[in-house]
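Residues per chain, in single letters:
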Protein chains: 2
Amino acid sequence: MPNDDLRKDLKRVTTKTMADVVELHLREYLKKKSFKPGDALPKETELAEALGVSRNVVREALSRLRMLGMVESRKKRGMILANPDILGAFERVLDPLILDEVTLRNVFELRLVLEMGLADILYIRKTQKDIEELEEIVKREVNKKQKPFRVKYEIAFHGKLYEMTGNDTFLRFQSMLLPVFEYVVDEEIKTSGKAEVGKVTHHDLVEILKAGTPDEFRAGMREHLKPHFDRLK
Amino acid sequence: MPNDDLRKDLKRVTTKTMADVVELHLREYLKKKSFKPGDALPKETELAEALGVSRNVVREALSRLRMLGMVESRKKRGMILANPDILGAFERVLDPLILDEVTLRNVFELRLVLEMGLADILYIRKTQKDIEELEEIVKREVNKKQKPFRVKYEIAFHGKLYEMTGNDTFLRFQSMLLPVFEYVVDEEIKTSGKAEVGKVTHHDLVEILKAGTPDEFRAGMREHLKPHFDRLK
C-alpha cells in the first residue's frame, strides 16, 4: 500500500495518449482559424497527414468532439462544426453511482446556490400558466411525506422552477440534479431518521411568487432550504 | 434551400455511429453492474467479443469515457473506473468562439443566478485571509475603468467569490465563466457606449461581507448586478 501522504503530495504522472494530443491540436486549430458553426472541417485523411498520425487516431479524436456535440456529420458535406451541447457531457458523468461523496455534496451545494439565486429571473419570466402548474403540483403533493413521494414532488416542484427561467441551460440542470435530490433525502434519513422540511412549504413559495417580491421569495426559499443549509455548517 | 418551417417541424434524423452505440452499452453495463471508482474494466478484446464489434470501435468508445475522466489507464491493471471530472467536458465546449448568442446569454444568466445565490455559503466559509485578498483586488482596481482592466478585475473579484466557497465545482466555474465576462462587457459597450456599473461597488460588497448579513450581501449583489438584470427585461 503506498504511503497516503506521499500520494497526496506527489501528483500522479498522467500520460497522454495520441488521441489526447490530437484532440487538443484540433481544438486549437478550430479556435485559431475562427471556425464557426456550419463550417466544414478538413477531411480525415488530410488531418491525419497534416498531423503525421494514423487515421484511426484522428477518428478517435473526432469521435470525442462528436460526442460533445462540437462536430456533426452531414451528408455530402462531411464533418461540420456544430453548436455544442454544453451540458450533454456533464449529464453523462453526473451519475450518483459513480460520483464520490465529495462531488455529490458539491453538486448539492450548486443546487442550493442556484435556487437561492433564481428569484429575479423567475419574476421577470413567470406566466399565469406557470403559476397554475406549480399550484397543481402542490395540490397533488399534500400529505405525501414518505420517501418515494417526497423525492417525486421535490423534483416536480423545483424542476418546474428551473423550467420557468426559459433558459435551456437551467432546464437541463433539472435532469442532472435529479439523482442528487434522492441522495440527499437518503442522507437526511440516515442521520436524523426522517426527511427534514423547512418551515416555508412549496405552497407558501407559490403564494409569494403570486403576490410577493423577489426579496420575499429569496427569504422564503432560504427558510424552505434551511435544514440543508444547517447541515453545511 | 429547404423550407424553414419544415425544417423546424421535422426533427433532423440523427444517425448513430457504432461508437455512439457501444459507448451507451458500456455506460449501461457499468451502471447495471454497480461499478465503483477503482474497479477494473474487462479487457478491450473481451468487450469487443461480447459486443460483437471490432476492437477499434471499443477503443473509440473507451476513448470518450477516458476524455470525460470516467475511466483511467493504470499500469498493470488496465482500465479502471475513475472519479469523473464533472466539469472537464463542460469546459472543453464552453468557448465563446463557437457558442451561439443564445447559449452565451444562457450562460451569462447562469452566472447572475449563481452570484445572487452565493451569499449563504460565503458567510459559512469566509476566512480573514479571503477578506484580505478581496481588499487587495479592490485596492488595485480603483480607477481602472477601461475595458481590458474592467474585465481583468471583474474576473479577479467574482472569481475570488467562487473560490471562497471551497467547493471545487464552483471554483471550476470561474475559468468557464471567464470568456463570458468579456462577451458581456463588449455587448454593453456596443449598445450603450460604455460598460455599465451598478451603484454598489466591489468595495461596498467587501464591507458587507466583513460586517453585514447574508441578506444584506444579497441586496448589495442585486444592486451591483442591476445593469445586467435590467438588460434581461
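Everything quoted here is computed from the prediction, not taken from an experiment.

1. A few points about the overall build of chain A
Secondary structure assignment for chain A yields 13 helices and 2 strands. Taken over 233 residues, chain A has a buried fraction of 48%. Total accessible area on chain A is roughly 12,000 Å²; 54% of this is exposed by carbon and sulfur atoms.

2. Observations concerning the packing of aromatic side chains
All names here are of chain A. One pass over the full model with this rule turns up 4 aromatic pairs over all chains. Ring centres of tyrosine 29 and phenylalanine 35 lie 5.5 Å apart, and the angle between their planes is 50 degrees; this geometry places the pair in the tilted category. Ring geometry for tyrosine 123 against phenylalanine 217: centres 6.3 Å apart, planes inclined by 75 degrees, an arrangement best described as edge-to-face. With tyrosine 123 in helix α7 (residues 119-125) and phenylalanine 217 in helix α12 (residues 214-224), the pair connects residues that are 94 residues apart, well separated along the chain. Both residues of the pair, tyrosine 123 and phenylalanine 217, belong to the buried class.

3. Points about the pairing of strand β2 (residues 78-81) of chain A
Residue and element names in this part refer to chain A. Sheet analysis places strand β1 (residues 71-74) next to β2, joined by 4 bridges and oriented antiparallel. Within β2, the residue paired with serine 73 across the bridge is methionine 79. From the end of β1 to the start of β2, which pair antiparallel, there are 3 residues, and lysine 76 there has a positive phi angle of about 70 degrees.

4. Some words on the nonpolar core
Of all hydrophobic cores here, the largest spans 72 residues; its most connected members are Leu161, Leu209 and Phe217 of chain A together with Leu161, Leu209 and Phe217 of chain B. What phenylalanine 217 of chain A contacts, discounting residues up to four positions off in sequence, is Ala119, Leu122, Tyr123, Leu161, Leu205, Ile208 and Leu209 of chain A. Grouped together as the second largest cluster of nonpolar side chains are 38 residues, Ala48 of chain A together with Phe35, Ala48 and Leu62 of chain B included.

5. A few points about the pattern of salt bridges
Taken as a whole, this structure holds 46 salt bridges over all chains when the rule is applied. Salt-bridge contacts for glutamate 23 of chain A lead to arginine 64 of chain A; the nearest nitrogen and oxygen are separated by 2.7 Å. Separated by 41 residues along the polypeptide, glutamate 23 of chain A in helix α2 (residues 18-32) and arginine 64 of chain A in helix α4 (residues 55-67) bring together distant segments of the chain. Accessibility assignment for this pair places glutamate 23 of chain A and arginine 64 of chain A in one class, buried. As a salt-bridge pair, arginine 55 of chain B and glutamate 44 of chain B come within 3.2 Å of each other at their nearest N and O atoms. Of this pair, arginine 55 of chain B sits in helix α4 (residues 55-67) while glutamate 44 of chain B sits in helix α3 (residues 44-51), and the two are 11 residues apart along the sequence. Look at arginine 55 of chain B and you get partly exposed, because its relative accessible area is 40%. Salt bridges sharing partners connect three or more residues here, namely Asp20, Glu23, Arg27 and Arg64 of chain A together with Arg66 of chain B.

6. Description of the packing of helix α2 (residues 18-32) of chain B against α4 of chain B
Residue and element names in this part refer to chain B. It is at 8 Å that the axes of α2 and α4 come closest, and there the two elements cross at 60 degrees. Handedness of the α2/α4 crossing: right-handed. Contacts between α2 and α4 involve Met18, Ala19, Asp20, Val22, Glu23, Leu26, Arg27 and Leu30 from the former and Val57, Val58, Glu60, Ala61, Leu62, Arg64 and Leu65 from the latter. Partitioning the contact of α2 with α4 into residue classes produces 10 nonpolar, no polar and 5 charged.

7. Some thoughts on the environment of lysine 194 of chain B
Residues and elements named next belong to chain B. Within the secondary structure, lysine 194 sits in the loop between α10 (168-192) and α11 (202-211). For lysine 194, a relative accessible area of 53% gives the class exposed. Setting aside anything within four residues of it in sequence, one finds lysine 194 in contact with Glu188 and Ile189.

8. Side note on the side chain of histidine 202 of chain A
Residues and elements named next belong to chain A. Structurally, the position occupied by histidine 202 is in helix α11 (residues 202-211). Within the local environment of histidine 202, its side chain forms a polar contact with the side chain of glutamate 141, the two groups lying 3.0 Å apart. Within the structure, the side chain of histidine 202 is placed 3.3 Å from the side chain of histidine 224, a separation counted as a polar contact.

9. Observations regarding the side chain of lysine 160 of chain B
All names here are of chain B. Residue position: lysine 160 is located in helix α9 (residues 147-164). For lysine 160, a relative accessible area of 3% gives the class buried. When residues no more than four places from it in sequence are discounted, the contact partners of lysine 160 are Asp130, Glu133, Leu134, Ile137 and Ile155.

10. A closer look at the environment of glutamate 182 of chain A
Turning to its location among the elements, glutamate 182 of chain A is positioned in helix α10 (residues 168-192). A C-alpha to C-alpha distance of 6.0 Å links glutamate 182 of chain A and valine 151 of chain A, two positions 31 residues apart in sequence.

11. Things to note about the packing of helix α3 (residues 44-51) of chain A against α4 of chain A
Residue and element names in this part refer to chain A. Here α3 crosses α4 at 110 degrees, and the two axes come no closer than 9 Å. By the angle class used here, α3 and α4 are roughly perpendicular. Two packed elements cross with a definite hand, and for α3 against α4 that hand is right-handed. Residues Glu44, Thr45, Leu47, Ala48 and Leu51 of α3 lie in contact with α4, whose contacting residues are Arg55, Val58, Arg59 and Leu62.

12. With respect to the environment of arginine 231 of chain A
All names here are of chain A. Following the sequence through the fold, arginine 231 ends up in helix α13 (residues 226-232). C-alpha separation for the pair arginine 231 and glutamate 188, spaced 43 residues apart in sequence, amounts to 9.3 Å. Beyond its immediate sequence surroundings of up to four residues, arginine 231 is in contact with Arg105, Glu187, Glu188, Thr191 and Glu196.

Rules behind the numbers
Residues numbered from 1 in each chain as written. Chains lettered and ligands numbered in written order. Predicted model: local features only at pLDDT ≥ 70, side-chain atom pairs only at ≥ 80, totals over all residues. Heavy atoms only, no water. Helix = DSSP H or I, 4+ residues; strand = E, 2+ residues; numbered from the N terminus. Buried < 20%, exposed > 50% of the residue type's maximum accessible area, 1.4 Å probe, protein only. Areas by Shrake-Rupley, 256 points an atom, 1.4 Å probe, with all protein chains shown as cover. Phe/Tyr/Trp six-rings, centres within 6.5 Å; stacked < 30°, edge-to-face > 60°. Pairing = 2+ DSSP bridges. Core = buried A, V, L, I, M, F, W, Y, C linked by side-chain atoms within 4.5 Å. Contact = heavy atoms within 4.5 Å. Salt bridge = Lys/Arg side-chain N within 4 Å of Asp/Glu carboxyl O. Axes fitted to C-alpha atoms, helices over the stretch in contact; angles between N-to-C directions. Left-handed = near helix turned anticlockwise from the far one by under 90°. Nonpolar A, V, L, I, M, F, W, Y, C, P; charged D, E, K, R; others polar. Polar contact = N/O pair within 3.5 Å; in protein donor to acceptor, adjacent residues only side chain to side chain. Parallel < 35°, antiparallel > 145°, perpendicular 65-115°, else oblique.

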